[in-house]
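Structural overview
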Amino acid sequence: MATQHHDPPLKGIRVLEFAGLAPGPFTGLLLADYGAAVLRLDRPSPLPTPDQLTRRKTSACVDLKSPSGLALIKKLVPTVDVLIDPFRPGVLEKAGLSPDDVLLPLNPRLIVARMTGFRRDGKYRDMAGHDINYIAVSGVLSLFGRAGEKPYPPGNLIGDFAGGGAMCFLGILLALFAREKNGFGQVVEANMVDGSAVLATMPRLGLKTDMWKRPRGTNMLDGGAPFYDTYETKDGKYVAVGAIEPQFYAALLEGLGVQATDLPGNRNDRADWPILKAYFATTFKSKTRKEWEDIFDGTDACCTPVFTLDELEAQGHEQRPAVTLTKSPAYAVHQGGDGRDAATGQGRGAKGSGWSEKGLMPGAGGEETLKQWLGWSKGKQFAEEKGGLVWVDGAKL
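Numbering of residues begins from 1 in every chain and follows the order in which that chain's sequence is written. This being a predicted model, a pLDDT of at least 70 is required before a residue's local features are given, and a value of 80 or more before pairs of side-chain atoms are given or counted; all residues contribute to the totals for chains, interfaces and linings. For side-chain calculations, the full set of non-hydrogen atoms in the structure is used, while hydrogens and water are omitted.

The test is simple: UniProt positions are given in the numbering used here, feature names are shortened, and annotations may be inferred rather than shown by experiment.
Where an unreviewed UniProt entry is consulted, the protein appears under the name Alpha-methylacyl-CoA racemase, with the organism given as Ampelomyces quisqualis. Recorded under Sequence similarities (unreviewed entry), the UniProt text for the protein is reproduced unchanged: "Belongs to the CoA-transferase III family."

Listed below in structure tokens is the structure:
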């Protein structure tokens, strides 16, 4: 018997997402996973976009520089709940879609989510940048790197996705919550400098304490401690060790088959950390990752294999929604049957199961969305010019 759930919490919320890269689309993806209907607005193009964050979205092509295309957007605005602006400061205003002067007067309940890299009021506001630049000026990039080496960027996870898209998603949820109480929409301003800085609250505060006051790569949680690091195994793979507390450290030593008295140093003496790291490195290289996995599975040694994403996909690891709502869970990511536990989501899942995504061609599904949302159809409310949809003058809503 299929598990019965209520609709996802954002079911019925309509979102216009201006096409962008990484943080904006990720915000839209999270909204779609939790039930929102997301229509991406693309520039007219016969070519696919590089955006792969397209799960459950549809697309409509609209030229912002076309007066009739702009008119179409203005007709859409009063019918939606959220608009995602991924552009640099001033782009929407230049297009004639100022949130304060145009969008909110058209729809006082609208939530305009504006996602920028640098602060909108900071010295870098008019400069181009990417994740590495945003986390650089926030101070976060300075935290990543081995002792004596230059800072290294952790992909684009901290700025684009955690400090950007996820924080923008949070801002939209807060604005929706506020709208339930006061009836009004508002502008949500998210930027990756402040978003990433908030994520680094603990190390920033730790700089004033013994926790994180030493140079990069020599503190407890940044690769300095022998009991909090990764180690290569006999087969060239890796394990992760996080045995901070004494009882977990004792379990680690037990699994390694050594006594504390056998060690060449004391874990509580920072001066001994380098020699202990070398000892653990040699010890972990004596067995394969699978052998260590068999030893430490089920223990409190805080020692786990470092799996690659390719390995997890090959093992059939199931991708799940970010958080579980027990009564009204998100839509499932991994493909499967309808009867599911709330933790795995509801419904049959998405093509690719979270491991691959073919993307979304500009214009794919958008006309059907306009029909479903508003009853609009081509030739009546809108037409197509030069690959983009435009409003038909005199059309009835």
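1. A few points about the overall build of the protein
Basically, it comes down to this: Numbering goes from the N terminus for both helices and strands, where a helix is a DSSP run of H or I of at least four residues and a strand is a run of E of at least two. Here the term buried applies to any residue with accessible area under 20% of the maximum for its type, exposed to any over 50%, and partly exposed to those in between, with areas from a 1.4 Å probe on protein chains only. Note on contacts: a residue pair is in contact if any heavy atoms of the two residues lie within 4.5 Å. Residue-level accessible areas treat just the shown protein chains as cover; the underlying method is Shrake-Rupley with a 1.4 Å probe.
Scanning the protein for helices and strands turns up 14 helices and 11 strands. Referenced to the eigenvectors of the C-alpha coordinate spread, the extents of the protein come out at roughly 85 × 55 × 45 Å. By the burial criterion, 45% of the 397 residues in the protein qualify as buried. The contacts of the protein with a sequence gap of at least 6 include a subset with a gap of at least 24, amounting to 61%. In the structure as shown, the protein presents an accessible area of about 20,400 Å², 55% of it carried by carbon and sulfur atoms.

2. Notes on the environment of L397
Turning to its location among the elements, L397 is positioned in the segment after β11 (388-391). Relative accessible area serves as the criterion here: at 71%, L397 is assigned to the exposed category. For L397 and G242, which are 155 residues apart along the polypeptide, the C-alpha to C-alpha distance reads 60 Å. When sequence neighbours within four positions are dropped, the list of residues in contact with L397 reads K75, W376 and W391.

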